[in-house]
Amino acid sequence: MPVQEVAPIKDGFQWKIDEILDRVQWAKDLDAYYYQQAVSETDGAWVVVGGQRKLMFATYSYLGLLGHPYIEQASKAAIDRYGTGTHGVRLLGGTLDIHIELEQKIAQFFHRDDAITYSSGYVTNLATISTLIGKGDWIISDKWNHASIVDGCALARGKFVRFRHNDMADLERRLQQAPANAGKLVIADAVFSMDGDIFPLPEAVELCRKYNARLMIDEAHSLGVLGATGRGIEEHFGMIGAIDIKMGTLSKTIPGVGGYITADQEFITFLKHASRAFIFSAALPPAVTAACLASFEVIEREGVERNRILTRNVNQFLGGLQDAGFDTGFSVTPIVPIMTGDDDRAMLMTKYCQENGVFVLPVIPPAVPAGSSRLRSNVTATHTTEDIDFALDVFIKAGKVAGVI
Ligand SMILES: Cc1ncc(COP(=O)(O)O)c(C=O)c1O
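Residues numbered from 1 in each chain as written. Predicted model: local features only at pLDDT ≥ 70, side-chain atom pairs only at ≥ 80, totals over all residues. Heavy atoms only, no water.

Enquirer: Talk me through the layout of surface pockets; I want residue IDs and the actual numbers.
Expert: Considered as a void within the structure, the largest pocket measures approximately 530 Å³ in volume. What lines the largest pocket is a set of 24 residues, among which Tyr60, His146, Met194, Val363 and Arg376 lie closest to the centre. Counting only elements with at least two residues in the lining of the largest pocket, the list comes to α5 (121-132), β9 (245-249), β13 (361-363) and β14 (373-378). Grouping the constituent residues of the lining of the largest pocket by class yields twelve nonpolar, nine polar and three charged. (1 Å grid on protein atoms, 1.4 Å probe; cavity = no way out; pocket = protein on both sides within 12 Å on 5 of 7 lines; lining within 4 Å. Points joined across faces, edges and corners; volume = space filled by probe spheres on them. Helix = DSSP H or I, 4+ residues; strand = E, 2+ residues; numbered from the N terminus. Nonpolar A, V, L, I, M, F, W, Y, C, P; charged D, E, K, R; others polar.)

Below, the structure written as structure tokens:
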């Protein structure tokens with residue numbers, strides 16, 4: 001079929017497109033564009049990219065469940081039994097028995113009444129925040145919260161205010177500004193996704209009770225990571241049951257895709273009948289649902305041991321970087337920022353690491369504030385002590401080449 005010749009578009013949108021294209025070209029000119037590399041094989045902590053074996057330091061598979069045989073078997077069996085898709089949206093024909101089993105498993109794992117699943121963690125935040133918050137309600141959000149929370153707030157029709165990162169005095173000031181009878185939602189990441197520090201849950205719970213606010217916590221990076229059995233921030237602080245709305249993803253420690261909210265029965269019933277992303281978007285596919293369900297079972301059986309190894313690895317990696325003189329920000333978890341400040345240094349360090357067998361990526365503005373560029377590295381339970389020694393050696397050499405240390 002002949003394709004029509006069309007003149008290049010030059011309209012009022014073009015500047016936005018050019019801005020991004022210029023940024024991409026800048027990275028390519030430095031010969032340091034490593035985004036969207038295609039992984040062709042995964043073998044434990046190692047991956048193959050463009051025919052080269054690299055040690056993975058940009059993964060969210062914190063407990064190393066990606067590739068777990070029990071999970072893979074459950075996923076394959078689900079395709080044999082149900083096929084590759086569902087009959088549509090959950091409210092109508094799309095619900096399978098394993099969706100219900102997964103939601104019950106999530107609720108039981110976190111000691112809650114019930115749970116709801118969505119097609120991604122991003123969508124879960126968008127859906128929950130925009131369904132709950134209406135005109136006259138207030139949403140009070142930590143300044144370092146994940147983009148999906150920020151976007152959920154932008155979509156909601158209420159008043160959106162932010163408090164200084166992890167600053168409970170500022171949170172209290174914000175709570176005092178809200179009308180006493182307004183619906184108030186306080187929201188934060190449990191482990192902050194770019195910095196690896198932890199939200200001060202005990203103080204926040206106290207303030208929420210004092211000011212009659214609901215507390216929603218995003219456990220994307222704390223499930224499997226915080227608490228001896230991997231049950232997240234409540235277990236870490238010995239406060240099981242303290243959070244009103246517990247959100248998490250099925251794409252990080254859980255090697256699938258999707259997101260969930262677990263809470264009391266009334267709230268979950270409300271979301272299942274009011275949130276548009278549940279009502280108007282298709283159900284999780286069977287292979288993913290079964291993999292997620294099997295993953296929670298594996299954490300129940302193996303979580304304590306995997307979490308012990310993860311903690312050991314975090315200590316070895318963070319300690320090694322700090323001894324070498326790197327600034328690792330506030331991290332106390334497997335998310336370890338290696339601060340470079342400058343964008344060019346972040347690119348140079350990345351290039352050295354990628355060329356010397358370590359898969360790591362830079363995070364630069366606008367994903368982080370100007371002047372706080374970094375390599376965002378992730379340590380997992382799959383790394384061996386020797387792997388971490390190898391990576392430390394490469395990071396230290398890269399830091400010297402780029403002038404970071
Ligand atoms: C804190 C946080 N919340 C939500 C999400 C979105 O989750 P998903 O990737 O499963 O959509 C992410 C993703 O990185 C995240 O870091």
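The rest of the description comes next.
Enquirer: A description of the nonpolar core should follow, citing residues and the corresponding values.
Expert: Counting 87 residues, the largest nonpolar core has Phe296 and Phe395 as its most contacted members. The dominant element in this core, judged by the number of residues it contributes, is helix α12 (residues 286-323), at 14 residues. Other than its neighbours up to four places away in sequence, Phe395 contacts Phe57, Phe317, Leu321, Phe326, Ile338, Met349, Cys353, Val358, Val360, Leu375 and Ser377. (Core = buried A, V, L, I, M, F, W, Y, C linked by side-chain atoms within 4.5 Å. Buried < 20%, exposed > 50% of the residue type's maximum accessible area, 1.4 Å probe, protein only. Contact = heavy atoms within 4.5 Å.)

Enquirer: Quick one: what's the story with the packing of aromatic side chains, residue by residue and with numbers?
Expert: The tally for this structure, following the rule as stated, stands at 14 aromatic pairs. Their ring planes at 75° and their centres at 5.5 Å tell us that Tyr33 and Tyr35 sit as a pair that is edge-to-face. Each member of the aromatic cluster is reached from another via a ring pair, and the members are Phe109, Phe110, Tyr260 and Phe296. For Lys28, the ring lying beneath its charged end belongs to Tyr33, and the centroid distance is 5.1 Å. In this structure, Lys252 packs its charged tip against the face of Tyr60, placed 4.4 Å from the ring centre. (Phe/Tyr/Trp six-rings, centres within 6.5 Å; stacked < 30°, edge-to-face > 60°. Lys NZ or Arg CZ within 6 Å of the ring centre and 35° of its normal.)

Enquirer: So, the side chain of Ser295: which residues are in play, and what are the values?
Expert: Positionally, Ser295 belongs in helix α12. If we ignore the near neighbours within four places in the chain, the residues touching Ser295 are Leu65, Ile71, Ile254 and Pro255.

Enquirer: Tell me about the site of the ligand, and please be specific about residues and values.
Expert: Inspection of the region around the ligand gives 15 residues, with Tyr122, Asp218, His221, Ser251 and Lys252 positioned closest. One of the side-chain N or O atoms of His221 is found 2.6 Å from an oxygen atom in the ligand. One of the side-chain N or O atoms of Lys252 is found 2.8 Å from an oxygen atom in the ligand. Applying the majority rule of atoms within 2 Å of the grid points places the ligand in the largest pocket. Class assignment for the residues of the shell around the ligand results in two nonpolar, ten polar and three charged. (Near = heavy atom within 4 Å. Polar contact = N/O pair within 3.5 Å; in protein donor to acceptor, adjacent residues only side chain to side chain. Sits in = over half its atoms within 2 Å of the grid points.)

Enquirer: Please give an account of the sheet that holds strand β5 (residues 138-142) that cites residues and values.
Expert: If you trace the seven strands from one edge of the open sheet to the other, you get β4-β10-β9-β8-β7-β5-β6, paired in mixed fashion. Only two strands of the sheet have a single partner each, and these edge strands are β4 (114-118) and β6 (159-163). On average, each strand axis in the sheet is inclined to that of its neighbour by 20°, with strand direction left out of account. Contacting β4, β8 (214-218), β9 and β10 (259-263), helix α10 (residues 265-274) crosses the sheet at an angle of about 30° to β4. (Pairing = 2+ DSSP bridges. Axes fitted to C-alpha atoms, helices over the stretch in contact; angles between N-to-C directions.)

Enquirer: Which residues make up the pattern of salt bridges, and what values do they have?
Expert: In this structure the tally under the stated criterion is 19 salt bridges. Here Lys272 and Glu103 are joined by a salt bridge, their closest N and O atoms 2.8 Å apart. Of this pair, Lys272 sits in helix α10 while Glu103 is found in helix α4 (residues 97-109), placing the two residues 169 residues apart along the sequence. Each member of the pair, Lys272 together with Glu103, is buried. One salt bridge connects Lys246 with Glu219, and the closest N-O pair in it is separated by 2.4 Å. (Salt bridge = Lys/Arg side-chain N within 4 Å of Asp/Glu carboxyl O.)

Enquirer: Can you lay out the sheet that holds strand β2 (residues 46-49) for me, pointing to particular residues and giving the numbers?
Expert: A sheet is described by the order of its strands in space; here four strands give the open sequence β1-β2-β3-β12, paired in mixed fashion. If you trace the sheet from one side to the other, it starts and ends with β1 (39-43) and β12 (358-359), each paired once.

Enquirer: Mind laying out a nonpolar patch on the surface, listing which residues take part and the relevant values?
Expert: Together, Phe13, Ile17 and Leu21 make up an exposed nonpolar region whose accessible area comes to about 310 Å². Checked against the element boundaries, Ile17 lands in helix α1 (residues 14-29). (Patch = residues over 30% accessible without salt bridge, like charges linked within 9 Å, V, L, I, M, F, W, Y side chains within 5 Å. Areas by Shrake-Rupley, 256 points an atom, 1.4 Å probe, with all protein chains shown as cover.)

Enquirer: Can you tell me about the state of the cysteines, naming the residues and giving the values?
Expert: If you walk through the whole model with that rule in mind, you get zero disulfides. The thiol of Cys208 is not disulfide-bonded; the next cysteine sulfur, from Cys153, is found 14 Å away. Residue class for Cys208 comes out buried when judged on its relative accessible area of 1%. (Disulfide = S-S within 2.5 Å.)

Enquirer: Any details on the pairing of β4? Residues and values, ideally.
Expert: Judged by how many residues are buried, β4 sits mostly within the fold: five of five residues are covered. Side-chain alternation along β4 places Asp114, Ile116 and Tyr118 on one buried face and Ala115 and Thr117 on a second face that is also buried. When β4 meets β10, the two strands line up antiparallel, connected through five bridges. Across the sheet, the residue bridging to Ala115 is Thr262, located in β10.

Enquirer: Give a description of empty space enclosed by the protein that names residues and reports values.
Expert: Tallied over the full model, the rule gives three cavities of 30 Å³ or more. In this model, the largest cavity occupies a volume close to 70 Å³. The set of elements that each furnish at least two residues to the lining of the largest cavity consists of β4 and α11 (276-279). Within the lining of the largest cavity, the residues separate by chemical class into six nonpolar, three polar and one charged.

Enquirer: So what about helix α2 (residues 69-82)? Which residues, and what values?
Expert: The periodicity of an α-helix, 3.6 residues per turn, causes residues three or four positions apart to be oriented the same way. Helix length check: α2, at 14 residues, gives a terminal C-alpha distance of 20 Å against a target of 20 Å (1.5 Å per residue), a fit within 8%. Here the buried face of α2 lies against α12. Gly83 occupies a position one or two residues after α2 and carries a positive phi of about 90°. (Expected span 1.5 Å × (residues − 1).)

Enquirer: So what about helix α13 (residues 343-355)? Which residues, and what values?
Expert: Taking 1.5 Å as the rise per residue, α13 with 13 residues should run 18 Å; its terminal C-alpha atoms sit 19 Å apart, in good agreement. Turning to α13, its buried residues are Asp343, Ala346, Met347, Met349, Thr350, Lys351, Cys353 and Gln354. Sitting at the amino-terminal end of α13 is Asp342, which places a side-chain oxygen 3.3 Å from the backbone nitrogen of Asp344. The positive-phi residue at the C-terminal boundary of α13 is Gly357, with phi of around 95°.

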